[in-house]
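Chains, contacts and geometry: an overview
Letter by letter, the chains look like this.
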Number of protein chains: 2
Amino acid sequence: MEQIENTKNPIQVADRLFGALEYLSVRPSAGLSEIAAHLRLNKSTAHRVLASLEYLGYVQQDPVEGRYELTLKVLSLSEQILQRMDIRDVVHPYLRRLMEQTGETVHFVRQDGVDAVYLDNVETTRSSVRMISRVGSRIPLYRSGVGKAMMADMPEEELREVWNASAVVRTTPNTITTYPALVKALRTVRETGYALDNEENEIGIRCIASAIRIPGDGHRYAFSISAPVTRMDDDRVQQLSHIILEVKENLDATPIRHLSPASTRSAGNQT
Amino acid sequence: MEQIENTKNPIQVADRLFGALEYLSVRPSAGLSEIAAHLRLNKSTAHRVLASLEYLGYVQQDPVEGRYELTLKVLSLSEQILQRMDIRDVVHPYLRRLMEQTGETVHFVRQDGVDAVYLDNVETTRSSVRMISRVGSRIPLYRSGVGKAMMADMPEEELREVWNASAVVRTTPNTITTYPALVKALRTVRETGYALDNEENEIGIRCIASAIRIPGDGHRYAFSISAPVTRMDDDRVQQLSHIILEVKENLDATPIRHLSPASTRSAGNQT
DNA sequence: TAGACTGTTTCGTATTATGAAACAACCGTC
DNA sequence: GACGGTTGTTTCATAATACGAAACAGTCTA
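Presented here is an overview of the structure given in this document.

Definitions and limits used
Residues numbered from 1 in each chain as written. Chains lettered and ligands numbered in written order. Predicted model: local features only at pLDDT ≥ 70, side-chain atom pairs only at ≥ 80, totals over all residues. Heavy atoms only, no water. Buried < 20%, exposed > 50% of the residue type's maximum accessible area, 1.4 Å probe, protein only. Helix = DSSP H or I, 4+ residues; strand = E, 2+ residues; numbered from the N terminus. Arc of directions from axis to C-beta. Contact = heavy atoms within 4.5 Å. Buried area = accessible area lost by both parts, 1.4 Å probe. Salt bridge = Lys/Arg side-chain N within 4 Å of Asp/Glu carboxyl O. Pairing = 2+ DSSP bridges. Axes fitted to C-alpha atoms, helices over the stretch in contact; angles between N-to-C directions. Near = heavy atom within 4 Å. Polar contact = N/O pair within 3.5 Å; in protein donor to acceptor, adjacent residues only side chain to side chain. Nonpolar A, V, L, I, M, F, W, Y, C, P; charged D, E, K, R; others polar.

1. Remarks on helix α7 (residues 156-165) of chain A
Residue and element names in this part refer to chain A. Buried residues of α7: L159, V162 and W163, and no others. Seen along its axis, α7 keeps its buried residues to an arc of 100°; they face one direction. Turned more than 90 degrees off the buried face of α7, the exposed positions are E157, E161, N164 and A165. On its buried face, α7 is in contact with β3 (105-112), α6 (145-151) and α8 (179-192).

2. Regarding the interface of chain B and chain A
Between chain B and chain A, the residue contacts involve 86 residues of the former and 87 residues of the latter. The contact between chain B and chain A buries some 7400 Å² in all, and 58% of this surface belongs to carbon and sulfur atoms. Taken together, chain B and chain A are joined by 6 salt bridges. The salt bridge involving E79 of chain A is made with R134 of chain B; its shortest N-O contact spans 3.9 Å. Element by element, the count of residues in the side of chain B that touches chain A is highest for helix α4 (residues 73-83) of chain B, at 11 residues.

3. Observations regarding the sheet that holds strand β8 (residues 221-228) of chain B
Residue and element names in this part refer to chain B. With respect to topology, 6 strands assemble into an open sheet ordered β5-β4-β3-β8-β7-β6, the strand pairing being antiparallel. The open sheet has two free edges, formed respectively by β5 (138-140) and β6 (195-198), since each of these has just one partner strand. If you compare each strand with its neighbour and ignore which way they point, the axes differ by 30° on average. Looking at chain direction, strand β7 (residues 205-212) and β8 are connected through 8 bridges and run antiparallel. Residue pairing in the sheet places I208 in a bridge with I225 of β8.

4. Notes on the protein's contact with DNA strand C
Neighbouring residues of DNA strand C: 18 residues in total, closest Q12 and S33 of chain A together with R16, N42 and R48 of chain B. Within the contact set of DNA strand C, a base oxygen lies 3.0 Å away from a side-chain nitrogen or oxygen of K43 of chain A. Among the elements of the structure, α1 (12-26), α2 (32-39) and α3 (43-56) of chain A together with α3 (43-56) of chain B are those that each provide at least two residues to the surface near DNA strand C. In terms of residue class, the surface near DNA strand C is built from 5 nonpolar, 10 polar and 3 charged.

In C-alpha cells form, the structure reads like this:
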C-alpha cells in the first residue's frame, strides 16, 4: 500500500458528483437506480448526489417519469469559456477567408493534454455533406495534422511525455504507432513548416495543418484544412501548403490582446 | 424559520466545487487566495477543492505561476450533450437553407427554465460583421422572439410560473415589462403563427421566430431569423413570415428519431 | 394479489471535510 | 540582506458531514 497507492481524490463526493454528470452527458436521461448501479453507489447516496446537482441547476428531474437528465447549464459554462478566448475572435475571420479561398472545411484547435480540442471551425459550403460544428470534441495529437503541427514545436522532453501518456491506437494503416516514426514525421514538419495528415486518423481524409504561437499564452494552437483524398492529391497539397503558410505568418504577426482586465465584452446577444 | 428556510444543498462541498468551476469559467485564470476569498472559504479548503477538480481533470495549475485555470474538459462535456441531440442534425440543414434564402443569421434554441438556450445557428455570409457562434448562451424568454414563440404554446399556469420566475429588465423602450402586455403579445403570436421581436431586447435588432414541437420530447424548441431593423421593415417581416411558417410546417411534419438506444453514432472526427 | 420494480426518506454511525495555524518559497522594499 | 507581504502547501485535532442499510411509497407486470 506504500507507493502503489493511487493518488486519491481529496474529496470523494467530487468523484460521485462529476461521475453522475459525465454519465448523464452520454445518455439522454437515466434513472436513479441505473446511475447508482453504474457509479457503484447506494441508491440513497446516488439520490443525494442527484439532488445536489439538481439544486445547483445542472440536473433536472422529469416530474412524471422520475428520470434524471442534464439541463443546459453546462453549455453556458462552456460558452463562457469560449467567449473569453479572445484568440477565437482574432482567428475566426482568417478561418472564414481560408474556407472561402479553398472551399474546404477548416478547423482551429488548442492542445489539451494529449489531445487537440476543436475551438472553432468553418465548414465548407460546397460539399453537400453537412457536418455540424463539433467545437469541444477531441482528437489525439499523434493521430492528427494539427497535433503533429503542435508537437513539432515541443522540446524533446515534453514530446516524450505526450507520447507516453497517449493511448496509441491504429485507426488506419497510416497511423503513426511508434515513437521513432513520430520523431521522423515531426522532422518533416519542421522542414516544410506544415503538417500533413495522410489518412492517418481516418481513411479518406487528408489534412494540412500548421501551428501558431501566441506570445504570453502558455497554450499551443493550430489550424488546418481537411478534405477527402479525392480532392486532395499531392499537387493540391502543394498549393494549399502555400496558403496555409501565408495564413500562419499573418497570424504569428498579429498581436493578440490577451487577458483583458475585466473581460467585459459587448454582450450583443440576439434573439 | 419554518417556510422561509431555503432548501439547502444536500452536499455542501458541491457548492464549493461548482462555485470554483463557475468562478474559473469567467476569468482566464485565478490564484488560490483569490478563489478562496471569492467563495468565502479557508485557503486550505479552497486548496483541497481545487486539488480535487485538478484530479478530475477539469482544472489545471500553471506550474510556474501557481495560478489555476480550467482545462477544456468541460467543453467535451458540452460537446457530448450537443452531439446526442438528434434534433440538431435534423434542423441544421433547414437553418442553412433558411440563411441562404434570406441572407440573414438564423438561430435554433431550446427552452431551459426562464431562458432560451442557443443550440445552433448559421450566420449570414453577407454581412461583414463577424459574429462567432454563441451556442450555449442564453436569452430570457420574455425578451426574445424565440421566447415569445415558445411561450405562446404554454398553458396559462406554466406561463405564469415562467413570468414570476423571470427577472424582468427593460433593456429597450419596447421591452415587455408587464404580464398583461405579455399575454396580449402572445395572443398575437397565436393568431399569426410567428413571433416578432421588435427591438424588445436590443435596439436595432428585429427578429421573427416560430416554435416547433417534437413528439415524444418534453422540451420546447424554436428558431428565428434576426436582422438589423434597416434590413427588416414591416414589408420584409411580412415576406419572411411566410418563409418561417413554411419551414415550421416542414419541421413539425418531420419525424425525429429520438433516444436512439445505445446512442452510438458514427464518430467521424476530422483532423 | 403478489411480486418486482421504480424513486424517496429516515437516522445512527463513521467517515469525511473543515479551517486555524505553521510552513515554504517567492517578490519587491527598505 | 533581512524585511514584511505575498504567494501556494501541508498538518492535524475536531466537528460536521456524507454514508448506506433499511423501511417506505408508489407504479407497473404477471
